[in-house]
Every structure is written in C-alpha cells, then in structure tokens.
Amino acid sequence: LAGGSAEALFGKANALQRMGMTVEAARAYAAAMAVDPKFPDFSEETLCFLGENLRVSGLVSRAKELLLKVTGPEYKDYAAFGLGEIAVEESKPDEAIRLFTSLASSKDRKLSRVAMLRASDVEAAAGKAGEAAARLDRIVDRYPFTPEYDQAVLRLARMRSAAGDPAAALSLLSRLVLRP
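First, a word on scope: everything that follows refers to the structure included in this document. Since the structure is predicted, the reported quantities are computational estimates derived from the model, not experimental observations.

Tallied over the full model, the rule gives 4 aromatic pairs. Judged by centre distance (4.8 Å) and plane angle (10 degrees), the ring pair of Phe10 and Phe39 falls under stacked. Of this pair, Phe10 sits in helix α1 (residues 6-18) while Phe39 sits in the loop between α2 (22-35) and α3 (44-56), and the two are 29 residues apart along the sequence. We classify Phe10 as buried; its relative accessible area is 0%. With a centroid separation of 5.2 Å and 55 degrees between ring planes, the pair formed by Phe81 and Phe100 is classed as tilted. With Phe81 in helix α5 (residues 76-89) and Phe100 in helix α6 (residues 93-101), this pair connects stretches of sequence that are 19 residues apart. Considered together, Phe81 and Phe100 belong to a single accessibility category, that of buried residues. One aromatic cluster is present, formed by Phe10, Tyr29 and Phe39 through successive ring pairs.

Further remarks concern the packing of α1 against α3. Running from N to C, α1 and α3 point in directions that differ by 50 degrees, and their axes come no closer than 9 Å. The angle between α1 and α3 places the two elements in the oblique class. Crossing angle aside, the handedness with which α1 passes α3 is left-handed. In this structure, α1 uses Phe10, Asn14, Gln17 and Arg18 to contact α3, whose residues at the interface are Glu45, Thr46, Phe49, Glu52 and Asn53. Here the residues of the contact of α1 with α3 are counted per class, giving 2 nonpolar, 4 polar and 3 charged.

The rules we used
Numbering of residues starts from 1 in every chain and runs along the sequence as written. At least 70 in pLDDT is required for a residue's local features to be given in this predicted model, at least 80 for side-chain atom pairs to be given and counted, and no such filter applies to totals for whole chains, interfaces and linings, which use all residues. To obtain the side-chain values, all non-hydrogen atoms of the structure were used and water was disregarded. Whether two aromatic rings pair depends on their centres lying within 6.5 Å, for rings of Phe, Tyr and Trp, where Trp uses its six-membered ring; planes under 30 degrees apart make the pair stacked, over 60 edge-to-face, and the rest tilted. Secondary structure follows DSSP: runs of H or I at least 4 residues long count as helices, runs of E at least 2 residues long count as strands, and numbering of each begins at the N terminus. Here's how the labels work: a residue is buried when its accessible area is under 20% of the maximum for its type, exposed when over 50%, partly exposed in between, all with a 1.4 Å probe on protein chains only. Note on method: axes are straight lines fitted to C-alpha atoms, helices fitted across the in-contact stretch only, with angles between N-to-C directions ranging 0 to 180 degrees. What sets the label is the angle itself: under 35 degrees gives roughly parallel, over 145 gives roughly antiparallel, 65 to 115 gives roughly perpendicular, and the rest give oblique. Should the near helix be turned counterclockwise from the far one by less than a right angle, the crossing is left-handed, whereas a clockwise turn marks it as right-handed. Here a residue-residue contact requires only that any non-hydrogen atoms of the pair lie within 4.5 Å. Classes in brief: Ala, Val, Leu, Ile, Met, Phe, Trp, Tyr, Cys and Pro nonpolar; Asp, Glu, Lys and Arg charged; the others, Gly included, polar.

Written out as structure tokens, the structure reads:
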C-alpha cells in the first residue's frame, strides 16, 4: 500500500479510532476523505469506526447514518453498540436497552459484557431498578475476574445501599476485597 492511498489513510484512521485516539483519528479521516470521499461506502470497517468517531465527536446524526449501513457480521455488533449509545443520547431508553441486549450473544465477549453494563445503566436511569439489578447479578455470576465484574459489583453495592440494605452492599464489596 502506498502511504498516501485512500486505503492506507483510512486504515490509519481506523487504527487510531480503535485505540481511542478520537482527535487524531478525526484528522486522519479528514485527510483520507480528501483523497477518496466514497471509500467508506465500500468498507464496513471504515463505516463503523468513522461512525463511532463522529458519534464521540458529537456529530450524532451523521454517525447514525453511517452506523445504520453496517450490516456485515464482522462489524455489526460494534455498530449496534454505537447505535445504543446514540439512543441513550436521544433519550430513547427502550431502544438503547434493546440494542445493548442484542449484543448478549456477540462473539466479542468483552463487548457483550460492556453492553450488559450499559443496558443496566439505562434500565436504572429509566426507573427499572429490578431489571438493572438482575442484569448486574448475571454479570457477577457469569464473568468473575473481569473489569466488568468489578463494575457490576460496585453498581450492585450502590443499589443495595440506596435500597436500605447496607449488609448486602458490604457483602458485595467484600467480594472485591477478599478475592484471591
């Protein structure tokens, strides 16, 4: 690949976005679009990561357009997660929960766990504490020794404490402190 080709430039931009370097990725996408503005239409990877870059950058409507075009098996779960985040931003909790829940069977297990956490956050914010707690309990039961386990335990402990059950909250927190 020539360093100035559209494929190379979009590849660099996608890599930067995957690393969470949103500002640098945005600059790289702008340079790549100057070379070939139609390239994203032929690359689901680019549609997905450019869409995510736009979402994080606050260009939600354009991000949604791009993410909705991603239908192939390799990137559709990542696009669904981004669309779930957009639904949260648009105050559409039922849509967000549906999208996050659809990722429970994702091949990317980390994405699946993070989506479960996000679904529980949206449920809790929508006043569905029981559903949120049940989802967090599933994370705690199924995924020990992951960062999402730790986050689920902390969220459950806060929920139990807020519900007036400090003993249950302490019991949950002791799992983090006393684990091997």
